[in-house]
Amino acid sequence: MSSSTATASARELLGVEALTNASLTRWLHGLPGVDQVGADARAAGLGTRSIKTTSKAWAIDTAITMIDLTTLEGADTERKVRSVCAKAMAPDPGDPATPQVAAVCIYADLVPMAVEALKSSNIHVAAVTSAFPSGRATMAVKLTDTQDALRAGAHEIDMVIDRGAFLSGRYLQVFNEIAAIKEACAREGTHGAPAHLKVIFETGELVTYDNVRRASWLAMLAGADFIKTSTGKVSPAATLPVTLVMLEAVRDWRDLTGTQVGVKPAGGIRTTKDALKYLVMVNEVAGDDWLGPAWFRFGASGLLNDLLLQRQKLATGHYSGADYVTID
Amino acid sequence: MAKFEYAPAPESRAVVSIRPSYGLFIGGEFVQSIDGSRFKTINPSSEEVLAEVTEAGEADVEAAVRAARKAFDGPWGRLPGAERGKYLFRIARILQERAREFTVLETLDNGKPIKESRDVDIPLAAAHFFYHAGWADKLEHAGLSDGSGQPPKPLGVVGQVIPWNFPLLMLSWKIAPALAAGNTVVLKPAETTPLTALLFAEVCQQADLPPGVVNILTGAGETGRHLIEHPGVDKVAFTGSTQVGKAIARSIAGTRKRATLELGGKAANIVFDDAAIDEAVEGIVNGIFFNQGHVCCAGSRLLVQENVADDVIMRLKRRLQTLRVGDPMDKNTDVGAINSAAQLARIRELTQIGESEGATRWSAPCALPERGFWFAPTVFTDVSQSHRIAQEEIFGPVLSVLTFRTPQEAVAKANNTPYGLSAGIWSEKGSRILWMADQLRAGVVWANTFNRFDPTSPFGGYKESGYGREGGRHGLAAYVTTGASR
Amino acid sequence: MSPSATGRNTAASADQRIVVRKTYKLYIGGVFPRSESGRTYEVRDSHDRFLANAAMGSRKDARDAVVAARGAFGKWAGATAYSRGQVLYRVAELMEGRRAQFATEVGAAEGLTPARADKVVSQAVDRWVWYAGWSDKLAQVLGGVNPVAGPYFNISAPEPTGVVAALAPQCSSLLGLVSVLAPIIVSGNTAVVLTSESRPLPAMTLSEVLATSDVPAGVINLISGHTAEVAPWLAAHQDVNAIDLAGAAEADDLSWALLERASAENLKRVLRPAGKDTDAVEPDWSATPDLNRIKAYLETKTVWHPKGR
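Residues numbered from 1 in each chain as written. Chains lettered and ligands numbered in written order. Predicted model: local features only at pLDDT ≥ 70, side-chain atom pairs only at ≥ 80, totals over all residues.

A.B. asks: Just to check I follow, could you spell out the overall build of chain C for this structure?
C.D. replies: Within chain C, the secondary structure is distributed over 10 helices and 10 strands. For 309 residues, the compact-globule formula gives about 19 Å, and the C-alpha radius of gyration of chain C, at 20 Å, lands near that figure. Projected onto its principal axes, the C-alpha coordinates of chain C cover approximately 90 × 40 × 35 Å. Long-range contacts, defined here as pairs at least 24 residues apart, represent 75% of the contacts in chain C between residues at least 6 apart. (Helix = DSSP H or I, 4+ residues; strand = E, 2+ residues; numbered from the N terminus. Rg over C-alpha atoms; globule rule 2.2 N^0.38 Å. Contact = placed C-beta atoms within 7 Å.)

A.B. asks: Would you take a moment to explain the overall build of chain B for this structure?
C.D. replies: For chain B, the count of helices and strands is 16 helices and 17 strands. Whereas a compact globule of 486 residues would reach a radius of gyration of roughly 23 Å, chain B reaches 22 Å, a difference of no more than 12%. For chain B, the C-alpha atoms occupy an extent of roughly 65 × 50 × 35 Å along the three principal directions. Taken over 486 residues, chain B has a buried fraction of 59%. (Buried ≥ 20, exposed ≤ 12 C-beta atoms within 10 Å, placed from the backbone.)

A.B. asks: What am I meant to see in the environment of Val-383 of chain B here?
C.D. replies: All names here are of chain B. Residue placement: Val-383 occurs in the loop between strand 13 (378-381) and helix 13 (388-391). Spatially, the C-alpha atom of Val-383 lies 21 Å from that of Arg-441, the residues being 58 residues apart in sequence. The contact partners of Val-383, leaving out residues within four places of it in the chain, are Ala-359, Ile-389, Ala-390, Ser-400, Val-401 and Leu-402.

A.B. asks: Would you take a moment to explain the sheet that holds strand 10 (residues 298-306) of chain C for this structure?
C.D. replies: Strands pair in a sheet through their backbones, by hydrogen bonds, and they do so in one of two ways: parallel or antiparallel. Residue and element names in this part refer to chain C. Spatially, 3 strands are ordered 3-4-10 in an open sheet, and the strand pairing comes out antiparallel. Only two strands of the sheet have a single partner each, and these edge strands are strand 3 (144-145) and strand 10. Pairing of strand 3 with strand 4 (residues 152-160) involves 2 bridges; the strand directions are antiparallel. Along strand 4, the bridge assignment pairs Gly-144 with Ser-156. (Pairing = 2+ DSSP bridges.)

A.B. asks: Explain the domain arrangement of chain B to me, please; I cannot follow it from the model alone.
C.D. replies: It is common to give the size of an interface as the accessible area that goes away when the parts come together. Residues and elements named next belong to chain B. The domain boundaries assigned to chain B delineate domain 1 (24-263 + 464-479) and domain 2 (268-454). The C-alpha-based centres of domain 1 and domain 2 are spaced at 30 Å. Taken together, the contacts link 20 residues of domain 1 with 26 residues of domain 2. Those elements that place two or more of their residues in the side of domain 1 that touches domain 2 are helix 4 (99-110) and helix 5 (114-135). No other element matches the 4 residues that helix 5 contributes to the side of domain 1 that touches domain 2. Residue classes in the side of domain 1 that touches domain 2 are distributed as 6 nonpolar, 8 polar and 6 charged. (Domains from an automatic or database assignment. Nonpolar A, V, L, I, M, F, W, Y, C, P; charged D, E, K, R; others polar.)

A.B. asks: How should the interface of chain A and chain B be read in this particular structure?
C.D. replies: Contacts between chain A and chain B engage 23 residues on the former and 20 residues on the latter. The set of elements that each furnish at least two residues to the side of chain A that touches chain B consists of helix 3 (36-46), helix 4 (53-65) and helix 13 (272-286) of chain A. In terms of residue class, the side of chain A that touches chain B is made up of 8 nonpolar, 8 polar and 7 charged.

A.B. asks: What is the right way to look at helix 9 (residues 171-188) of chain A in this model?
C.D. replies: Residues three or four positions apart in an α-helix share a direction because the helix packs 3.6 residues into each turn. Between its first and last C-alpha, helix 9 of chain A extends 26 Å over 18 residues, near the 26 Å set by a 1.5 Å rise per residue. Listed as buried for helix 9 of chain A are Tyr-171, Val-174, Phe-175, Glu-177, Ile-178, Ala-179, Ala-180, Ile-181, Lys-182, Glu-183, Ala-184 and Cys-185 of chain A. (Expected span 1.5 Å × (residues − 1).)

A.B. asks: It is not clear to me how the interface of chain C and chain B should be interpreted in this structure. Could you clarify?
C.D. replies: Chain C puts 19 residues into the contact, and the matching count from chain B is 23 residues. Counting residues per element, the ones that place at least two in the side of chain C that touches chain B are helix 2 (81-97), helix 4 (114-132), helix 5 (138-142) and strand 10 of chain C. Looking at the side of chain C that touches chain B, the element that brings in the most residues is helix 4 of chain C, giving 4 residues. Residue classes in the side of chain C that touches chain B are distributed as 9 nonpolar, 5 polar and 5 charged.

A.B. asks: Which parts of the structure should I look at to understand the sheet that holds strand 6 (residues 190-194) of chain C?
C.D. replies: Residue and element names in this part refer to chain C. Reading across the sheet, the 5 strands line up as 7-6-5-8-9 and stay open at both edges, with parallel pairing between neighbours. Edge positions in the sheet fall to strand 7 (220-223) and strand 9 (269-271), since each has one partner strand and no second. For this sheet, the mean angle separating the axes of adjacent strands, direction not counted, is 15 degrees. Bridging between strand 8 (residues 242-244) and strand 9 involves 3 bridges; their strand directions are parallel. Residue pairing for strand 9: Ile-243 is matched across the bridge by Val-270. (Axes fitted to C-alpha atoms, helices over the stretch in contact; angles between N-to-C directions.)

A.B. asks: Explain the confidence of the model for chain C here, please?
C.D. replies: Caution is warranted with low-pLDDT regions, since their predicted coordinates should not be read in detail. Residues and elements named next belong to chain C. Confidence in the prediction for chain C averages 95 pLDDT; 95% of positions are at 70 or higher. The low-confidence segment residues 1-5, where pLDDT is below 50, has 9 contacts with residues more than four positions distant or belonging to other chains. This prediction of the complex comes with two scores: 0.95 for pTM and 0.94 for ipTM. (pLDDT = per-residue confidence, 0-100.)

A.B. asks: Help me understand the environment of Leu-258 of chain C, please; the structure alone is not making it clear to me.
C.D. replies: Residues and elements named next belong to chain C. Secondary-structure assignment places Leu-258 in helix 9 (residues 256-263). Accessibility expressed as a C-beta count within 10 Å gives 13 for Leu-258, which makes it partly exposed. Between the alpha carbons of Leu-258 and Arg-21 there is a distance of 39 Å; along the sequence they are 237 residues apart.

A.B. asks: Looking at this structure, I do not really get the pairing of strand 2 (residues 103-107) of chain A. What am I missing?
C.D. replies: On a regular strand, one side chain projects to one face of the sheet and the next to the other, so that they alternate. Residues and elements named next belong to chain A. The buried count for strand 2 comes to 4 of 5 residues, which makes it a mostly enclosed element. Direction of pairing for strand 1 (residues 67-70) relative to strand 2: parallel, over a ladder of 3 bridges. Bridge pairing in strand 2 links Leu-69 to Val-104. For the crossover that starts at strand 1, traverses helix 5 (residues 78-89) and ends in the parallel strand 2, the hand is right-handed. Bridge count between strand 2 and strand 3 (residues 124-129): 5 bridges; the pairing is parallel. Bridge pairing in strand 3 places Tyr-107 opposite Val-128. (Right-handed = clockwise from strand over helix to strand, strands pointing away.)

A.B. asks: Just checking my understanding: could you explain the nonpolar core for this structure?
C.D. replies: Of all hydrophobic cores here, the largest spans 359 residues; its most connected members are Val-104, Ala-114 and Ile-227 of chain A, Leu-88 and Ile-270 of chain B together with Trp-128 and Leu-181 of chain C. If you count residues domain by domain, this core takes at least three from each of domain 1 (24-263 + 464-479) and domain 2 (268-454) of chain B. When sequence neighbours within four positions are dropped, the list of residues in contact with Leu-88 of chain B reads Phe-129, His-132, Ala-133, Ala-136, Ala-176, Leu-179 and Ala-180 of chain B. (Core = buried A, V, L, I, M, F, W, Y, C linked by C-beta atoms within 7 Å.)

This is the structure:
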């Protein structure tokens, strides 16, 4: 959808003549609040679910298929990316039946290498763009960043919102930036379909759950295919309550508009135990329709190996160790 | 079939050993009954017999009261508060140490989900002892003095009768403050849930509590009546039905026996249009389906502002689809078994009445086990204030939904009941919450939360929900000479 | 002949076991450093016999301790009262477990018979238990709702003031120390304590108990050394919110008036030593306390909120 289409749909949904900052503000600030203590309690309660045996095996394999295997370091090189891609395609060389991950998530300038390395698989290449991680650059720079990634063959774009704009109430600016990048995804995607767009909020900087709810609705209004918690460069990154609020948002959005949007918690999810808590939350808050890599992803790196260790334990019956999983 | 089925996750029973039969705990030992009889206690989720217990007779009650009196007149009465407190600290610590045993036993005997015993009942029980341990030597600071300059004194022998819905927790609410103030206790647990009280007797032994300070008499209504009416009891404390509470009030009339009563309720959970909607739905669910609705302070009436009623009800029904009803020993169970056949019959009767009164009945779709006592979470909409299901306490997982237009109307409907135990308010607006709290005739008001308990927080009702408070500084008053007049 | 528990081999013999003696260090930020000054001083018992070399704390050690205490304050004050009470009770459990060690050290330090020393240790443990039980009751006893003349909800509640410095009693090396330290931390304050100058060893053994009993690092910091050297630096420290001058009594070269004057610079809450006029004396610590030592380090916060539809 083009920017102007996004604007037109937004105007219709809000029921206003013109999409102004004031009308967006009224709409966003009119959303129901989130009680922080209550949200934390619900997330904690869901975290007490005990997932064992067959359901644990299913959950581990599902979690693996949901991983965007990530490397986002200044020190990344082509060879490092190639190594990550190899890991993505064969996470556990000792068990070829291990599922593959959903995507590899890297900086935009390394996309060509990743596309080449992954070409024999169905694994997507996701590129972080728009002056990731800070989002502090002009729109022109953010668009060029994105276009470069798309032309190089990225299947997915993970953009960051301008948190300064959001926190100072310039919602229309945030809307326009998302809509413009979404339009670029449609125009410049090289794989016969628009690239799919994930919008990163950096929830650790937004701080309140009310802000997370507002950012979710704003991003979905502007055309986000996925809403994502964090860059992984700021602490706290993904948390269960923040993801809960985002799952409620995508559930309510689909009820309202019929459009389904995905959710990606990223950063700080290190253990199988954590990952299973997220899956329980998806299951009980958003439902079955979100329980797959098309609509839920984990932005993680070390998590994959912990999932593999747990997978090995289920298969062999005893605890495994770091020597039995590969580094990427 | 759902994509993500949770495999069974049963807690192991092996941690607790249940004796085939139990005597009475009198004077620090388990003894045989003098004139009582035997009965069985079962697991309500399976109807399996767990153990045989004793129904104490009148002579047993006499023996227990005498043992309590002896301890009060003897070592316990002479003990300085600081030393009394240390016994309570020991009990608190042992409850923490043996938490897993108590958790499993409570679930087996009561039918509540293991996750609730584990996360609510047992930790709160230990916390109650811990809190009150610290009061034992600080009573002069509790604001209870009569101006004489003397620290408050204990009353003597206390007779306590507790219900089946939170067996160990109710025991701790009764015994901890009584002992902290220097009294001795004869406690009768409910007929259907005696086992954690009997295990608690072992904890008293492990803590080396002087004999006779705590006595546990198992039994049913008659045992309770003998205990309450015994002339050697200086004070009675009762938690249970309003009907029995009234009988107790009648029976102590004209005596100098003091009483505190914590009785039934029909609390209004009030949701305004500016509530944090997702958390409010959780609060509604928690309010009536926690502990299968076997909660005196349950939010059994939802009063929802009319302009958001449809949305709230839709979200509530959707949320109820993820409630898991089943084996209480499974760690993923949210709603367990109804405590007894008698209670199940009562719930069925009242819900039948609700239908015939014209309210619209909806139940969460769930497969109920064959054996045991089960009732699916149920919501009645289109309920009017004059319906019996809006007035009478059902004490089960049944919610009655009514609407209101203005805050005043919400207050009027909430207060329009002989009960007055608790209320809930859901709104993001602080002034509205505080104004509503002022207007509601209820002893406990929860705003943007529900069913939260803490040893420091006084609990008790207005009107026919009883009198007296348990917990906090206020809860001590019932157990000392310079406290309340009742 | 067996060696005394303080580690003195009173006579050598062929099959006598040589005792491994304890080194006494400071307790700052949850760890046991030596003084940054590298200095130590001799600690002697009531018969002037050598007991040990204690670390001689410096102003820089005090500075580091304040940093640690400030760092620990947020989390300790933010913990639930229940949780603080549990931590304090755990300290009492571990003190009780080490009573023989404490009794030996207190007996040697203060010249007490074993029976008296044993009684002092019991009192110290019971004192700690008394304070543990206050944690979740202070707000109820010291706070409350105020019936203002208007449609407002109004509540006053006590809050901890922050980092509290304390000069521990010079004579009562365990019971006095506990009586000064527990009331500081029970409400959520963190503490920097200068131990008794000539009788620091029981304090250092207490620090071992603290380090193993769930007390978070930095909540309590114990510094041995020359009171008159370090106290003025704490009294003048702008990041210390309150100071207990109990240990000015019986201290060499120390004027508590000057310490109070230095404290005025940032308006520290000052707890003066017992005594009349300019005298400073050490009170009898065995009596059950009142609430004044807790209240000295509490602020009262009053909050208003309208009540309306």
